[in-house]
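Commentary on secondary and tertiary structure
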Amino acid sequence: MSRFRDTLVRGEFVVTGEVAPPHGTDYSAMRESVRKLAPLCHALNVTDNQGATLHLSSLAASKVVLDSGGGCEPIFQQTCRDRNRLALQSDLLAAWTLGLENVLVVTGDDPRGGDHPKCKGVFDLDSTQLIEVTASLNAGIDMNGSKLDGGTGFYIGGALFPEAEPWEIQMERALGKIEAGAEFFQTQAITDIDKFARTVEALRPTGVKIIAGVLLLKSPRVVRFINENLAGLMIPDHIADRIARAEKPLEEAIALATEQVRELAQIADGIHIMPLGADDAVGRILEGAGIPTPNA
Amino acid sequence: MIITKPRDWNRIRANLAEVGARSVFIMGCGQCATTSKTGGEPEVLAAKATLEADGFAVAGWAVGEVACHLGGTRLDMRKHAGLLEAADAVLVLSCGAGVQTVAESIAKPVFPGLESVFLGNVIRHGVFEERCQMCGDCVLDKTAGICPVTTCPKGLLNGPCGGMWDGKCEVLTDRECTHVKIHRRLAEQGRTRSGALAPKDYSAKLKPGSVNLRETKGSGGGPR
Ligand code: SF4
Ligand code: SF4
């Protein structure tokens, strides 16, 4: 059974991180990330062709994370962009068979923004529908209503966007995902604590666990890149200026992330750290914020 | 209406060269391609000039009434039988359906002169937008008359996706997110959506579609 789920259900604060499978078959760099992050995290998200760019499949890479041991579990990601309902269900069955117990279901970025812009986006299902299908596989039934020879037992997560307006629509969407079977949410990077707090408040009655995203804004260049290229995220001026004015941007980014984690820890069920390659900073952030690390 | 756009001229020239055509007959379409300004008389004449500038002879030309209408197109072709006789190939400035109708009406090589791009709504003169993909399983009843299958670039039934920001679409950033629009229009009408829309039934759009109103037996010849 998913220890990640058990930890959240027990009401303990969790830390999740993120690793990217390689653009190819050599996953030594990813394993190095896992080596650094696993001791600090309860679970590691393994992204699925992130940014609509080609990477080793999340399925294989999640298995690598699982096998690396140390008590940190993978969160297998599934995007709706690349597969139809047969392939999605088949991959979910495969994931469960391989021992992957946590899944995060996302829509996926539009292919036109990725490295294969001429490809056909599939989007046979949307993320709410795929959450519902995953819940159904957990009940031992496929999308067609047929009984499976052995179902799954996934801990099912979805993405949550507390800062994107109109907020009411985001809440309606989140409730739809919960109704479909989402038991935890991981959010986009939080830059406005008040908006996050009202989101948690609104969803609290459902019992869903909410893990707040924290992005390490390593440099002014990273901030610019996010604001210009990443959909669904905007770094506000006061934060951008703080990084831009800093003598040592990385140190400032660590200080900022530490403050954010400290504040979010009061409200969220966990944090999801995205260090953008600066894996060594994660331990410092957690220590600075007084967050105990699970597997160190 | 079927919206078409001009096809890359190099491809057309290569097609004609492939069959060694020296003389070409040009066929336009009086309906969609005329409204799209891609296959009406002015465009047919422009194609004629381009062909001639490239050293081809133009045996003749016509703008048929409706290129995708088999009976009408056969009549049109018969009318120009003499000129067609002199041509080595036919270039059709219509949608792909029209090209196929012409190809069915004559034994000579027939080539598309346009690209068919979408079923378009005429927003105003010369402005066309895709609003329907003819999916065979319409959800407009649930979506306040706004089609997410077509107007959400990802075709999501339940949105918005994570890329929506300030009500704007992730992909077409100058446009409102379809799902925000749907939500607003439903709210304006005092309606809410109960639950998520179920996955689409893509079998409703099995290819190739066919309707035969002359069928008397069975279900009455609905789309399949
Ligand atoms: S739901 Fe299907 S039939 Fe209805 S408008 Fe959209 S594409 Fe057309
Ligand atoms: S922002 Fe809205 S319209 Fe644009 S792709 Fe996402 S869900 Fe579709």
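Given the structure is predicted, the values throughout are model-derived calculations rather than measurements.

Another aspect to go through is the interface of chain B and chain A. Tallying the contact residues gives 25 residues for chain B and 27 residues for chain A. Taken together, both faces of the contact between chain B and chain A bury some 2,200 Å²; the carbon and sulfur share is 60%. Per-residue buried area on chain B facing chain A is highest for Lys154, Trp165 and His183 of chain B; these three make up 28% of the total on that side. Scanning the region where chain B abuts chain A turns up 0 salt bridges. Seen at the junction of chain B and chain A, the total is 12 residue pairs in polar contact (both at pLDDT 80 or more).

Here we come to the pairing of strand E4 (residues 102-106) of chain A. All names here are of chain A. Buried residues dominate E4, accounting for 5 of its 5 residues. Residue alternation in E4 divides its side chains into two sets, Asn102, Leu104 and Val106 and Val103 and Val105, and both sets are buried. Sheet topology places strand E3 (residues 73-79) next to E4; 5 bridges connect them, and they run parallel. In the strand pairing of E4, glutamine 77 is matched with leucine 104.

Let us now look at helix H3 (residues 41-53) of chain B. All names here are of chain B. Its 13 residues give H3 an end-to-end C-alpha distance of 18 Å, which sits within 8% of 18 Å, the value for a rise of 1.5 Å per residue. Within H3, the full set of buried residues consists of Glu43, Val44, Ala47 and Leu51. Mapping the buried residues of H3 onto a view down its axis gives an arc of 100°, with all of them on the same face. Exposed side of H3, more than 90 degrees from the buried face: Pro42 and Ala53 are the residues found there.

This part covers the environment of proline 148 of chain B. Residues and elements named next belong to chain B. As for its position among the elements, proline 148 is in helix H7 (residues 148-151). Owing to a relative accessible area of 0%, proline 148 belongs among the buried residues under this scheme. For the pair proline 148 and glycine 159, spaced 11 residues apart in sequence, the C-alpha to C-alpha distance is 8.8 Å. With residues up to four places along the chain from it excluded, the contact list for proline 148 reads Val139, Thr143, Gly155, Leu156, Leu157, Thr178, His179 and Ile182.

The environment of ligand 1 is made up of Cys132, Gln133, Met134, Cys135, Cys138, Val139, Leu140, Cys147, Val149 and Thr150 of chain B. In terms of residue class, the shell around ligand 1 is made up of 8 nonpolar, 2 polar and no charged.

Once that is clear, we can look at the packing of helix H3 (residues 58-67) of chain A against helix H4 (residues 85-98) of chain A. Residue and element names in this part refer to chain A. Running from amino to carboxyl end, H3 crosses H4 at an angle of 15°, the nearest separation of the two axes being 10 Å. Between H3 and H4, the crossing angle belongs to the class labelled roughly parallel. Where H3 crosses over H4, the two elements pack in a sense that is right-handed. For the pair H3 and H4, contact is made by Leu59, Lys63 and Leu66 and by Asp91, Ala94, Ala95 and Leu98, respectively. Partitioning the contact of H3 with H4 into residue classes produces 5 nonpolar, no polar and 2 charged.

Calculation criteria
- Once a new chain begins, its residue numbering starts again from 1 and follows that chain's sequence as written.
- Labels are handed out in written order, letters beginning with A for the chains and numbers beginning with 1 for the ligands.
- Side-chain atom pairs in this predicted model are given and counted only at pLDDT of 80 or more, local residue features only at pLDDT of at least 70, and totals for whole chains, interfaces and linings cover all residues.
- Water and hydrogen atoms were dropped before computing side-chain values, which therefore reflect all heavy atoms in the structure.
- It only takes one pair of heavy atoms within 4.5 Å for two residues to be counted as in contact.
- Two parts placed together each lose some accessible area under a 1.4 Å probe, and adding up what both lose gives the buried area.
- Definition used for salt bridges: Asp or Glu carboxyl oxygen within 4 Å of a side-chain nitrogen of Lys or Arg.
- Each polar contact in these results corresponds to two N or O atoms within 3.5 Å; when the atoms are within protein, one needs to be able to donate a hydrogen and the other to accept it, and residues that are neighboring in sequence are counted only if both atoms are side-chain atoms.
- Only protein chains enter the area calculation, which uses a 1.4 Å probe; residues under 20% of their type maximum are buried, those over 50% are exposed, and those in between are partly exposed.
- Secondary structure follows DSSP: runs of H or I at least 4 residues long count as helices, runs of E at least 2 residues long count as strands, and numbering of each begins at the N terminus.
- At least two bridges found by DSSP between two strands is the condition for calling them paired.
- Take the number of residues in a helix, subtract one, and multiply by 1.5 Å to get its expected span.
- What the arc describes is the spread of directions from the helix axis to the C-beta atoms.
- Nearness is defined per residue: one heavy atom within 4 Å of the molecule or strand is enough.
- Residues are grouped as follows: nonpolar covers Ala, Val, Leu, Ile, Met, Phe, Trp, Tyr, Cys and Pro; charged covers Asp, Glu, Lys and Arg; every other residue, Gly included, is treated as polar.
- For helices, the axis comes from a line fit to the C-alpha atoms of the stretch in contact; other axes are also lines fit to C-alpha atoms, and the angle between any two N-to-C directions lies between 0 and 180 degrees.
- What sets the label is the angle itself: under 35 degrees gives roughly parallel, over 145 gives roughly antiparallel, 65 to 115 gives roughly perpendicular, and the rest give oblique.
- Crossing chirality is assigned from the near helix's rotation relative to the far helix, an anticlockwise turn below a right angle marking it left-handed and a clockwise turn marking it right-handed.

Keep in mind that these numbers describe shape and distance, not what the molecule does.
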